[in-house]
Amino acid sequence: MKKFLSILVFTAAALSSCIYPYDTDLKGVKDTIVVLEGEILVGGVSTMRISSVNSFSESIFHHEVRGMATVEDDQGNIYSSNSKVPRSLVSIPMEDAPSDRKYRFRVTVDGTAYYSDWLDPLEPPVIEEVKAGLSADSTRVEITTTLDGGVDASGYIGITYDETWEFHADYMCRYELDTLKWRINERFLDYPNYWCWRSNSLIGMILVDYTEIDGNRVVSYPVQAFPRYNNRNHRKYSIEVHAVTLSNEAYKYIKNLNDNTNTSGTLFSPNPGEMPSNLYCLTNPDKSVMGYVTASKVASQRIFMDSQYHTPTLPPEGYLFISEDYKHDYEFGYYPVDFMSLPRGEEGAYISGIYWGPMRCIDCIAAGGTKEKPDFWQ
């Protein structure tokens, strides 16, 4: 298990990067309200996303805006971005920052500076185990984790994860197209884009409330699940689970955001002023700013899983066809796949030939993968 220090800013924008309307009770508010989201990683690269909301009649819309952000510690050291241009997403290298100090954000938007409170990071929970297994009905692979609250157990834990898997395209491409003579030739060399890696990170946070159980141990808490036929099971799958200790205030704030977003499509309760915040404007204490900062050291654990749970399925055939105009179909993103006999005639008669399909069915890169093997891959 590895640990690294993180300071997380949880805001409305943390749940989605899309621009969307939401209704709140902010009638009469004329000022632009700054919304901050970010993460300070001591020993890594910190990020800060800057956005704002404006009141228009009875609706508020979320907008990305540009600004500058730095991180400072309680010894007066300043950590800055390599870029001197205002951005909506700022990256701040902090690989050499010490882990025994307090930290805070300083963000400047349109000449106005906003700060977070000074924070002492909480010790993380202990990740005792991360494991993969089948669901009760054996149709899904389920990833669970067992945790202990640790020395700073508060009754609340936040979980995130990063996952990577090796998968293959729907079909092995057994033909190639000569675009000079517009002729199909049999492929004699191995097709390079059949196997790829793909990665995904959880957006948001899984919240764990263990205040009503005896002790500080949370057993087999669900983290991720996917069908057995999912391409995560093609060859090898890896997930790295991260866990942080949350204060009672931080837990309530994030849960409020999650509940409102998931149930009503809104981001705040009817009165967002009732939500806690530890961000402020130093020069104008009455100026509104939305967001909440929480500090914790992060515990992480990675596991690998082979394809023992994979249930093979036939790839879909509905998008395959026999081309009558090679040049036309190639220009529209289709490519020859393989020689097949498929039910395409009247009354289910089979028609044989070289069938074509979209590139995503034969090219794992077009399907969202990469040929670059991760450094941590077994």
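Predicted, not measured: the structure shown is a model, and the values here were computed from it.

Thresholds, definitions, all that
Residues numbered from 1 in each chain as written. Predicted model: local features only at pLDDT ≥ 70, side-chain atom pairs only at ≥ 80, totals over all residues. Heavy atoms only, no water. Helix = DSSP H or I, 4+ residues; strand = E, 2+ residues; numbered from the N terminus. Buried < 20%, exposed > 50% of the residue type's maximum accessible area, 1.4 Å probe, protein only. Contact = heavy atoms within 4.5 Å. Polar contact = N/O pair within 3.5 Å; in protein donor to acceptor, adjacent residues only side chain to side chain. Core = buried A, V, L, I, M, F, W, Y, C linked by side-chain atoms within 4.5 Å. Pairing = 2+ DSSP bridges. Axes fitted to C-alpha atoms, helices over the stretch in contact; angles between N-to-C directions.

Q: What should I look at first to understand the environment of R87 in this one?
A: Checked against the element boundaries, R87 lands in the loop between β7 (78-80) and β8 (89-93). Looking at R87, the relative accessible area reads 38%, which means it is partly exposed. Dropping the residues within four chain positions of it, R87 is found in contact with I50, V65, R66 and G67. For R87, the side chain forms a polar contact with the side chain of S83, separated by 3.1 Å.

Q: Looking at this model, I keep getting lost on the side chain of S88. Mind explaining?
A: Relative to the assigned elements, S88 resides in the loop between β7 and β8. With residues up to four places along the chain from it excluded, the contact list for S88 reads M48, R49, I50, E64, V65 and R66.

Q: I keep staring at the nonpolar core and nothing clicks. Help me out?
A: Side chains that are nonpolar tend, in soluble globular proteins, to be buried together. Core analysis: the biggest nonpolar cluster contains 26 residues, and V130, I143, I157, I159, V223, Y237 and I239 have the highest contact counts within it. Where this core is concerned, the elements lending two or more residues are β11 (126-134), β12 (140-148), β13 (156-168), β17 (206-209), β18 (217-227), β19 (236-245) and β22 (292-306). The residues contacting I143, other than those within four sequence positions of it, are V130, K131, A132, Y221, P222, V223, Q224, F226, Y237 and I239. Counting residues in hydrophobic clusters, the runner-up holds 24 residues, among them I40, M48, A69 and V109.

Q: Help me out: how do you make sense of the pairing of strand β24 (residues 334-343) in this one?
A: A regular strand carries its side chains on alternate faces of the sheet. Examined bridge by bridge, β24 and strand β25 (residues 350-358) share nine bridges and lie antiparallel to one another. Each residue of the ladder has a partner; that of M340, found in β25, is G353. Between β24 and β25, which pair antiparallel one after the other, the connecting turn spans six residues, and E347 there sits at a positive phi close to 55°.

Q: Looking at this model, I keep getting lost on unusual backbone geometry. Mind explaining?
A: Trans peptide bonds make up the majority, and among non-glycine residues the majority have a negative phi. The backbone of W182 sits at a positive phi, close to 50°, despite the residue not being glycine. Among the secondary structure elements, W182 is positioned in the loop between β14 (175-178) and β15 (183-186). On the accessibility criterion, W182 (26% relative accessible area) is partly exposed. Phi angles above zero are rare outside glycine, and S220 is one such case at about 50°. Assignment of secondary structure puts S220 in strand β18.

Q: I'm lost on the pairing of β14 in this one. Help?
A: In this structure, β14 lies alongside β15, joined through four bridges in antiparallel fashion. Of the residues in β15, the one forming a bridge with D178 is R183. Connecting β14 to the next strand, β15, in antiparallel fashion are four residues, including W182 with a positive phi near 50°.

Q: So what exactly am I meant to see when it comes to the sheet that holds β7 here?
A: Strand order in this open sheet of five strands is β7-β6-β9-β10-β20, and the pairing throughout is antiparallel. Whereas interior strands pair on both sides, the edge strands pair on one side only; in this sheet they are β7 and β20 (279-281). On average, each strand axis in the sheet is tilted by 25° relative to the strand beside it, whichever way the strands run. Examined bridge by bridge, strand β6 (residues 68-73) and strand β9 (residues 103-109) share six bridges and lie antiparallel to one another. For M68, the partnering residue across the bridge sits in β9 and is T108.

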